[in-house]
Amino acid sequence: MPTPGAPIAVFKRVVISDRLIFVSGHLPLDQQGQVIMGKLGDTINVADGAAAARQCGIGILGSLKSELGSLNRIGRVLKTTGMVNSTADFTEHPSVINGCSELFRDLWGPEFGLGARAAVGMSSLPRGACVEIEMVLELK
């Protein structure tokens, strides 16, 4: 799990309020820490987009572990919002965001690892990223 670096803007990666954990949008990073860029429907395919979404999930897990000390404090996923940098005619947004959702499902099972979800298209994302994912989780 990666150790989060400094945010690229003015925000907190994780905010806790009572039992709710709000996770800011995370971009996909490759093994060298570089943003995975591209536009679905043009320069990147669905499988590579899903792999990038999984990398967002891994980054989110790193931020959660850094903030909470242990992932064992997480009770469940409540909401995932996935933003896909895509062409106007691209329609496979859910398949792309599945890359992250499947990671959390595999980690905590379908009852606790899956929650409500949105997968939407965007004309651009920060740093040219192909996806960005934010989440809301609940503490045990």
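Residues numbered from 1 in each chain as written. Predicted model: local features only at pLDDT ≥ 70, side-chain atom pairs only at ≥ 80, totals over all residues. Heavy atoms only, no water.

Remarks on the environment of Thr91
At step 1: Its location among the elements puts Thr91 in the loop between β3 (74-85) and α2 (93-113).
At step 2: For Thr91, a relative accessible area of 59% corresponds to the exposed category.
At step 3: Counting along the chain gives 51 residues from Thr91 to Leu40, while the straight-line C-alpha distance between them is 9.4 Å. (Helix = DSSP H or I, 4+ residues; strand = E, 2+ residues; numbered from the N terminus. Buried < 20%, exposed > 50% of the residue type's maximum accessible area, 1.4 Å probe, protein only.)

Describing the nonpolar core
At step 1: By size, the foremost hydrophobic cluster in this structure holds 28 residues, and its most contacted members are Ile21, Leu64, Phe104, Val131, Ile133, Met135 and Leu137.
At step 2: With seven residues, the single largest contributor to this core is helix α1 (residues 46-68).
At step 3: For Met135, the contacting residues outside a window of four places in its chain are Ile21, Phe22, Val23, Ile60, Val77, Lys79, Thr80 and Phe104. (Core = buried A, V, L, I, M, F, W, Y, C linked by side-chain atoms within 4.5 Å. Contact = heavy atoms within 4.5 Å.)

Considering the sheet that holds strand β1 (residues 14-17)
At step 1: The five strands lie next to each other as β1-β2-β5-β3-β4, forming an open sheet whose pairing is mixed. Looking at strand neighbours, the two that pair on one side only are β1 and β4 (116-122), the edges of this open sheet. Across this sheet, the average inter-strand angle for adjacent strands is 15°, counted without regard to direction.
At step 2: Pairing of β3 with β4, which is carried by seven bridges, proceeds in the parallel orientation. Looking across to β4, one finds that Gly82 is bridged to Ala119.
At step 3: α1 rests against β1, β2 (20-26), β3 and β5 (131-139) of the sheet, and its axis sits at about 40° to β5. (Pairing = 2+ DSSP bridges. Axes fitted to C-alpha atoms, helices over the stretch in contact; angles between N-to-C directions.)

Quick look at unusual backbone geometry
At step 1: Within the chain, Asp18 stands out as a residue other than glycine whose phi angle is a positive 55°.
At step 2: Here Asp18 is to be found in the loop between β1 and β2.
At step 3: Notably, Arg127 is not glycine yet its phi reads approximately 60°, a positive angle.
At step 4: If you trace the backbone, Arg127 turns up in the loop between β4 and β5.
At step 5: Arg127 gets classed as exposed once you look at its relative accessible area, which sits at 53%.

Quick notes on α1
At step 1: Spanning 23 residues, α1 covers 32 Å between terminal C-alpha atoms, matching the ideal 33 Å at 1.5 Å per step.
At step 2: Residue Asn45 occupies the N-cap position of α1, its side-chain oxygen lying 3.2 Å from the main-chain nitrogen of Ala47.
At step 3: Within two residues after α1, Gly69 carries a phi angle of roughly 85°, on the positive side. (Expected span 1.5 Å × (residues − 1). Polar contact = N/O pair within 3.5 Å; in protein donor to acceptor, adjacent residues only side chain to side chain.)

Regarding the packing of α1 against α2
At step 1: The N-to-C vectors of α1 and α2 enclose an angle of 45°; their axes lie 6 Å apart at closest approach. Classed by the angle they form, the pair α1 and α2 counts as oblique. Crossing of α1 against α2: the hand is right-handed. Residues Val46, Gly49, Ala50, Ala53, Arg54, Gly57, Ile58, Ile60 and Leu61 of α1 form the contact with α2, whose participating residues are Ser95, Val96, Ile97, Gly99, Cys100, Leu103, Phe104, Leu107 and Trp108.
At step 2: Among the residues making up the contact of α1 with α2, the classes are represented as 13 nonpolar, four polar and one charged. (Parallel < 35°, antiparallel > 145°, perpendicular 65-115°, else oblique. Left-handed = near helix turned anticlockwise from the far one by under 90°. Nonpolar A, V, L, I, M, F, W, Y, C, P; charged D, E, K, R; others polar.)

Topic: α2
Along an α-helix, residues three or four positions apart point the same way, because every turn accommodates 3.6 residues.
At step 1: Taking 1.5 Å as the rise per residue, α2 with 21 residues should run 30 Å; its terminal C-alpha atoms sit only 20 Å apart, a clear shortfall.
At step 2: Along α2, the positions that sit buried rather than exposed are His93, Val96, Ile97, Gly99, Cys100, Ser101, Leu103, Phe104, Gly109 and Gly113.
At step 3: Elements that come into contact with the buried residues of α2 comprise α1, β3, β4 and β5.

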